[in-house]
Amino acid sequence: MAKNVNERAADNIRILSMAMVEKAKSGHPGGAMGGSDFIHILFSEYLRFDPDNPEWINRDRFFLDPGHMSPMLYSVLTLTNNFTIEELQNFRQWDSPTPGHPEADVARRIENTSGPLGQGHTMAVGAAITERFLAARFGEWMSHRTFTFISDGGIQEEISQGAGRIAGHLGLSNLVMFYDSNDIQLSTETSVVTSEDTAAKYKAWNWNVISINGNDQDQIRKALDNAIQEKERPTLIIGKTVMGKGLVDDNGNSFEGKTSTHGQPVSAAGGSFEKSVTNLGGDPEDPFKIFDDVADFYTDVLDKKRREIALINEEAKEWASKNPALKDKLVSFFVSELPEIDYSKIEHKPSVATRAASATVLGQYAGMIENMIVSSADLANSDKTDGFLKKTSHFTKGDFTGQFLQAGVSELTLAAIMNGMALHGGVIPVCGTFFVFSDYMKPAVRLAALMGLPVKYVWTHDAFRVGEDGPTHQPVEQEAQIRLMEHLKNHKGENSMLVLRPADAAETTAAWKMALENQSTPTALILSRQNITDLPANGDRFTEALKSSRGAYIVEESKEKPDVILLASGSEVATLVEGAALLRERNNLNIRIVSVPSEGLFSRQTSEYRNSVLPADIPKFGLTAGLPVTLRGLTGDSGMVYGLNHFGYSAPYTVLDQEFGFTGENVYLMVKEFLNL
């Protein structure tokens, strides 16, 4: 029986997917072939987008979780005129827009970078929350959906628990997830690693769960109709699909459902590429061809979408004419326009912890930045993001009028949700937890750095001075780890992250100013739990702290050429001030003290400025509560860095300062030894 055009379109996607992998001699064809029916029906019949304006803010979003299934996405996006056949033929090649795992490119309708399993659908949760946040402010006329596609691996990744829990708890009925359940993983059948009842799990999280034959297009339509009608819960469509659907071997026998086709070309897996192409209605001599009837069908699809979008845009124009102030606000949200903030008027109590100073700044933001969303991993009253929360309210099911997400204990989930918010656009995402738990977040932080997302991380309890909580909660190696991201360039050639560890309250205000103004990369603020003595100032301390925008600056200068330069970030700068006083008093030394909140920013300054702050011919002593390597790049091999080379211990932080040598007296002794005095 002849196949209809929808079946042929899905087969065309299957052929293109396996042809890409076959030509590249690298990739994952099987899953892409199994998911082709869903991706075709979704894009052609349900996904709302403007064919002529990929960045249309009211578009439905599609987030791919299993990045290895990129051939499926690239293929359907070729049918929508976002990729060319030549670009498909260059799959996984140098400088190609079709890399092995998709990288965010809204102009080509790729909403997210995907690859690390579990993160893609969690980003979708963030986008769905953002849609509800915006609809609560501008009206349901701009409502839209977030669709996401997940595989067995994404379901198994631990992050899926956090995503499932939060989406169900908030009743995100605008979120629809298709689970491509093909019973095959990269190295085993799925039954070898799990026997869980996935449907029951998601039902327990308050999801609407539908189970279907994922290769039956009518069942796919019915499931999507059901999902769209659902008003109280997110929807999970469990689609039982066939790995490598349509594949045959050299004898023409079925080669479907094989583990081998998950992660290698069909021919390498033991199937017949040529006969499989023929079996699916294609030409083995021209496997990259788009079928004529499928091309005509998608031309009609895009024309229909243009007509639908025109009607929606008319409604938007009518709304804008009736609500000019709201319209201007909506535009300002999406162009990342910031309000005028007089940071010099933000007042702090003397010598407070930098986390407390951060809370004060966030309290100012809460009344001024209407599109900021702040979240915390169950630590708002400790990481002091409650400075923001106290002036707003947290999201609840059906109520997104506030600006705070209570994420619970789920740091990785939280970080990925923030990425989804940033990808959706229109909001400024901020999230907080203890610095030591940044270890849980780093996979999502890395993706934020790769995608250039302006997420703000508030990481408090920055060192061993967490005290009695002990070594499990006391960061040592974390600063060195995260500062590597200041050295790693993103694809635009920028430092992939801005990392700021302010030395006192004034620097914290300056750091927040830098964080808010940084709209091209993520920013980390590393903040203290304990109070820090304010740094000395010749004039206005905040004015001097603004010099930290260059990454490093002189806090105290000697009247004559310095005998030694003392440098640090965070609370250690105040300790250097104490030690410098002793060195001047007892040894009559000329001391320069330099605060280095961001080595990455400092590295981007002119050589003239860098040399003016840290001249090569002056000995340098660094102090860090982390690994000595943290400052080694600034002191040079001839300099000295005093830091920790061990885990912390449980004790009051004042005791730890004494035991570990983080006192003015020990700075005095160490510098004397360094200078051979």
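Below or above, wherever it landed, is the structure these notes cover. (Residues numbered from 1 in each chain as written. Predicted model: local features only at pLDDT ≥ 70, side-chain atom pairs only at ≥ 80, totals over all residues. Heavy atoms only, no water.)

**Considerations on the overall build of the protein**
Turning to step 1, where the next piece is worked out: Within the protein, the secondary structure is distributed over 27 helices and 16 strands.
Turning to step 2, where the next piece is worked out: Radius of gyration (C-alpha) of the protein: 28 Å, near the 26 Å computed for a compact globule of 677 residues.
Turning to step 3, where the next piece is worked out: With the C-alpha coordinates of the protein rotated into their principal frame, the extents come out at 95 × 60 × 45 Å.
Turning to step 4, where the next piece is worked out: Taking all contacts inside the protein whose residues are at least 6 apart in sequence as the whole, residues at least 24 apart take part in 76%.
Turning to step 5, where the next piece is worked out: Split by element, the accessible area of the protein, about 25,900 Å² in all, is 48% carbon and sulfur.
Turning to step 6, where the next piece is worked out: Side-chain charges of the protein comprise 64 positive and 87 negative groups, with the mean position of each set lying 3 Å from the other. (Helix = DSSP H or I, 4+ residues; strand = E, 2+ residues; numbered from the N terminus. Rg over C-alpha atoms; globule rule 2.2 N^0.38 Å. Contact = heavy atoms within 4.5 Å. Areas by Shrake-Rupley, 256 points an atom, 1.4 Å probe, with all protein chains shown as cover. Lys, Arg positive; Asp, Glu negative; His and termini not counted. Charge placed at Lys NZ, Arg CZ, Asp CG, Glu CD.)

**Quick notes on the pattern of salt bridges**
Turning to step 1, where the next piece is worked out: The full count for this structure, using the stated rule, is 38 salt bridges.
Turning to step 2, where the next piece is worked out: Across the pair D504 and R541 runs a salt bridge whose closest N-O atoms are separated by 2.8 Å. In this pair, D504 is assigned in the loop between β10 (498–500) and α20 (505–517) and R541 in helix α21 (residues 541–545), connecting sequence segments 37 residues apart. Considered together, D504 and R541 belong to a single accessibility category, that of buried residues.
Turning to step 3, where the next piece is worked out: Notably, a salt bridge pairs D617 with K561, separated by 2.9 Å at the nearest N-O pair. Pair noted here: D617 is in the loop between α24 (607–613) and β15 (620–623) and K561 is in the loop between β12 (553–556) and β13 (564–568), with a separation of 56 residues, a long-range link.
Turning to step 4, where the next piece is worked out: Of the residues examined, D617 reaches a relative accessible area of 54% and is grouped as exposed.
Turning to step 5, where the next piece is worked out: Judged by its relative accessible area of 54%, K561 falls in the exposed class.
Turning to step 6, where the next piece is worked out: Through salt bridges with shared partners, a single network forms among D462, R465, E479, R483, E486, R501, E572 and D657. (Salt bridge = Lys/Arg side-chain N within 4 Å of Asp/Glu carboxyl O. Buried < 20%, exposed > 50% of the residue type's maximum accessible area, 1.4 Å probe, protein only.)

**Some words on the sheet that holds strand β2 (residues 146–151)**
Turning to step 1, where the next piece is worked out: One open sheet accounts for 5 strands, arranged β1-β2-β3-β5-β4; its pairing is parallel. Both edges of this open sheet fall to β1 (61–64) and β4 (208–213), since each of them pairs with a single strand only. Put simply, the sheet's adjacent strands are angled 20° from each other on average, direction ignored.
Turning to step 2, where the next piece is worked out: Two strands pair when backbone bridges link them, and strand β3 (residues 175–181) and strand β5 (residues 235–240) are joined in this way by 6 bridges, in the parallel orientation. The partner of D180 across the bridge, within β5, is G239. (Pairing = 2+ DSSP bridges. Axes fitted to C-alpha atoms, helices over the stretch in contact; angles between N-to-C directions.)

**What to know about the sheet that holds β12**
Turning to step 1, where the next piece is worked out: Here we have 5 strands laid out as an open sheet, ordered β12-β14-β13-β15-β16, and mixed in their pairing. Each of the sheet's edge strands pairs with one partner strand only, and the pair in question is β12 and β16 (640–642). Ignoring which end each strand starts from, the neighbouring axes of this sheet average 30° apart.
Turning to step 2, where the next piece is worked out: Note: β13 against strand β14 (residues 591–595), 5 bridges, orientation parallel.

**Things to note about the pairing of β14**
Turning to step 1, where the next piece is worked out: In terms of burial, β14 is largely enclosed, as 5 of its 5 residues are buried.
Turning to step 2, where the next piece is worked out: Burial along β14 is two-sided: I591, I593 and S595 facing one way and R592 and V594 facing the other are all buried.
Turning to step 3, where the next piece is worked out: Where β12 lies against β14, 3 bridges are found, and the strand directions are antiparallel. Counterpart to I554 in the pairing with β14 is V594.

**Thoughts on helix α27 (residues 664–674)**
Turning to step 1, where the next piece is worked out: Taken together, the buried positions of α27 are occupied by G664, N666, V667, Y668, M670, V671 and F674.
Turning to step 2, where the next piece is worked out: On its buried face, α27 sits against β13, α22 (572–587), β15 and β16.
Turning to step 3, where the next piece is worked out: At the C-terminal side of α27, N676 shows a positive phi close to 60°.

**Details of unusual backbone geometry**
Turning to step 1, where the next piece is worked out: Look at N206: it is not a glycine, yet its phi comes out positive at around 75°.
Turning to step 2, where the next piece is worked out: On the secondary structure map, N206 appears in the loop between α9 (198–204) and β4.
Turning to step 3, where the next piece is worked out: Its identity is not glycine, yet N588 carries a phi of approximately 55°, on the positive side.
Turning to step 4, where the next piece is worked out: Considering the arrangement of structural elements, one finds N588 in the loop between α22 and β14.

**Some words on the pairing of β15**
Turning to step 1, where the next piece is worked out: In β15, alternate side chains face the same way, and those of K620 and G622 on one face and F621 and L623 on the other are all buried.
Turning to step 2, where the next piece is worked out: Relative to β15, β13 runs parallel, the two being bridged by 4 bridges. Pairing of A568 across the sheet is with L623, part of β15.
Turning to step 3, where the next piece is worked out: Bridging between β15 and β16 involves 3 bridges; their strand directions are parallel. Following the sheet pairing, L623 is matched in β16 by Y642.
Turning to step 4, where the next piece is worked out: Following the backbone out of β15, through helix α25 (residues 629–635) and into the adjacent parallel β16, one traces a crossover that is right-handed. (Right-handed = clockwise from strand over helix to strand, strands pointing away.)

**Looking at the packing of aromatic side chains**
Centre distance and the angle of the planes are the two values used to describe a pair of aromatic rings.
Turning to step 1, where the next piece is worked out: Following the criterion strictly, the structure yields 26 aromatic pairs and no others.
Turning to step 2, where the next piece is worked out: With centroids separated by 6.3 Å and ring planes inclined at 90°, the aromatic side chains of Y343 and Y365 adopt a geometry described as edge-to-face. Of this pair, Y343 sits in the loop between α14 (324–334) and α15 (354–366) while Y365 sits in helix α15; the two residues are 22 residues apart in sequence, bridging distant segments of the chain.
Turning to step 3, where the next piece is worked out: Pairing F437 with Y440 gives two aromatic rings, centres 5.9 Å apart and planes at 35°, and the pair type is tilted.
Turning to step 4, where the next piece is worked out: Chaining the aromatic ring pairs together yields one cluster made of F464, Y642, Y649, F660 and F662.
Turning to step 5, where the next piece is worked out: A cation sits over an aromatic face here: R550 above Y609, 3.7 Å from the ring centre. (Phe/Tyr/Trp six-rings, centres within 6.5 Å; stacked < 30°, edge-to-face > 60°. Lys NZ or Arg CZ within 6 Å of the ring centre and 35° of its normal.)

**Brief notes about a negative patch on the surface**
Turning to step 1, where the next piece is worked out: There is a patch of like negative charges on the surface, built from D250, E274, D283, E285 and D286.
Turning to step 2, where the next piece is worked out: Judged by relative accessible area, which is 74%, E285 ranks as exposed. (Patch = residues over 30% accessible without salt bridge, like charges linked within 9 Å, V, L, I, M, F, W, Y side chains within 5 Å.)

**A short note on the environment of L302**
Turning to step 1, where the next piece is worked out: By the element assignment, L302 lies in helix α13 (residues 292–322).
Turning to step 2, where the next piece is worked out: Given the relative accessible area of 3%, L302 is considered buried.
Turning to step 3, where the next piece is worked out: Sequence-wise, L302 and N81 are 221 residues apart; in three dimensions their C-alpha atoms are separated by 9.4 Å.
Turning to step 4, where the next piece is worked out: The residues contacting L302, other than those within four sequence positions of it, are F49, P51, T80 and N81.

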